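Tertiary structure, described
Okay, here's what each chain looks like letter by letter:
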Amino acid sequence: AKAQGRSRHEFYNAVLEAEVIRNKRIADDILAGIENNEFVPYYQPQISARTLELAGAEVLVRWQHPRDGLLTPDSFINVAEDLNVTATLDRTMLERALIDCSLWATKGIIMPKISVNVSARRLRDETLVESLTGLCILPGQITFELVESIFLDETDDVVLRNIERIKELGIDIEIDDFGTGHTSIVSLLKLRPKRLKIDRQLVEPMLTSQHERALVRSIIEIGRSLGIEVVAEGVETMAHAEMLSALGCDLLQGFAFAPPLSRDEFRSFVLEHRWK
Ligand code: C2E
Ligand code: CA
Ligand code: CA
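Residues numbered from 1 in each chain as written. Chains lettered and ligands numbered in written order. Predicted model: local features only at pLDDT ≥ 70, side-chain atom pairs only at ≥ 80, totals over all residues. Heavy atoms only, no water.

A few points about the nonpolar core
Within the largest apolar cluster, 71 residues are counted, with the highest numbers of intra-cluster contacts made by Ile30, Phe144, Leu244 and Phe266. Among the elements that take part in this core, helix α3 (residues 86–106) stands out by supplying 7 residues, more than any other. Every residue in contact with Phe266, bar those within four places of it in the chain, is listed here: Tyr43, Pro45, Leu54, Ala57, Trp104, Met111 and Leu261. (Core = buried A, V, L, I, M, F, W, Y, C linked by side-chain atoms within 4.5 Å. Buried < 20%, exposed > 50% of the residue type's maximum accessible area, 1.4 Å probe, protein only. Helix = DSSP H or I, 4+ residues; strand = E, 2+ residues; numbered from the N terminus. Contact = heavy atoms within 4.5 Å.)

This is the structure we're talking about:
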């Protein structure tokens, strides 16, 4: 029994070691990839539920890996977070998105707003605001999507100060993945976000499940009574879009309209009004 215990222990050690080696390799690749501009912004359109006009886009990072092709964040974002490079990635995405917006503008495409994801670590970073002051940002042009879990620690002074200063720069705050965490209505009131985004875990099943439908309806109600706009993500079919519009949701984002698109795909999507 003792020998068996030891071999199991050795087995787990070997598994852990393999994991460490694998992550080390990804980490090295990420650092080289940042150097070589392999990380690019993709854009998922957001459509106004009322007018069906283009309302903006969410910026989602993609890795054009020299060997493995186009990678989505699930294969690298955790290692990036451990490496402390998500802040660099987030900043790169914002800068590149602003450049793409001015490129689109020369083609006659006016982008109402872009939303970027901001990791919890970056929001706790004392140098966050400093890193933004060089950018030329029009009020309301940029939204920071912040995950709900960040608001659990309401006593974190750096976070609260950063949020206030972000708002002063004219950047809107949106609470991402709403409905999956534990944000209290009280902390919502305190933060006064511009927008809430309902997580796709609630949106996807809402056609068939009364439970999720009831939750989606109440989140939209909360938004409306507090004067906060509501975005739904994971809008996969027109049936979802219609139900969400009927419930009073403001913005729609999902495969029903478009998946995340490259800069050039996004340009043709808008010029050809492909969602209408
Ligand atoms: P998220 O912020 O919740 O982003 C929404 C995810 O849902 C995206 O996955 C998007 O491609 C996917 N999606 C959009 N519409 C649909 C739909 O109709 N159905 C389904 N099933 N999925 C849909 P993606 O691009 O793989 O991103 C995953 C997560 O990675 C994001 O979740 C976000 O937390 C993180 N992420 C992405 N880009 C960045 C970034 O630039 N910085 C940081 N810090 N995190 C990022
Ligand atoms: Ca998001
Ligand atoms: Ca989500």
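A short note on the coordination of the calcium ion (ligand 3)
Binding of the calcium ion (ligand 3) to the protein goes through Asp177 (OD), Asp199 (OD) and Glu233 (OE), at separations of 2.1 to 2.5 Å. In primary sequence terms, the donor set of the calcium ion (ligand 3) follows D-x21-D-x33-E. Residue classification places Glu233 among the buried residues on the basis of a relative accessible area of 11%. (Donors = N, O, S within 2.8 Å, 3.2 Å for Na, K, Ca; no water.)

Overview of the packing of aromatic side chains
If you walk through the whole model with that rule in mind, you get 9 aromatic pairs. Judged by centre distance (5.7 Å) and plane angle (55°), the rings of Phe11 and Tyr12 are tilted. On the numbers, 4.8 Å between centres and 25° between planes, the contact of Phe39 with Trp63 is stacked. Taken together, the positions of Phe39 in strand β1 (residues 39–48) and Trp63 in strand β2 (residues 54–65) put the pair 24 residues apart, joining distant regions of the chain. As far as the burial class goes, Phe39 and Trp63 line up, both buried. Among the aromatic side chains, those forming a connected cluster through ring pairs are Tyr43, Trp104, Phe266, Phe269 and Trp275. (Phe/Tyr/Trp six-rings, centres within 6.5 Å; stacked < 30°, edge-to-face > 60°.)

Regarding the packing of helix α9 (residues 210–226) against helix α10 (residues 238–247)
It is at 10 Å that the axes of α9 and α10 come closest, and there the two elements cross at 45°. Put simply, α9 runs oblique to α10. Between α9 and α10 the crossing geometry is right-handed. Along its contact with α9, which presents Arg213, Val216, Arg217, Ile220 and Arg224, the element α10 presents Met243, Leu244 and Leu247. (Axes fitted to C-alpha atoms, helices over the stretch in contact; angles between N-to-C directions. Parallel < 35°, antiparallel > 145°, perpendicular 65-115°, else oblique. Left-handed = near helix turned anticlockwise from the far one by under 90°.)

Brief notes about the pairing of strand β7 (residues 195–198)
Across the two faces of β7 the burial is the same, with Arg195 and Lys197 and Leu196 and Ile198 all buried. As judged from the 3 bridges shared by strand β6 (residues 172–178) and β7, these two strands associate in the parallel manner. Along β7, the bridge assignment pairs Ile175 with Leu196. Of the pairings in the sheet, the one linking β7 to strand β8 (residues 229–232) comprises 4 bridges and is parallel in character. By the bridge assignment for β8, Ile198 is matched with Ala232. (Pairing = 2+ DSSP bridges.)

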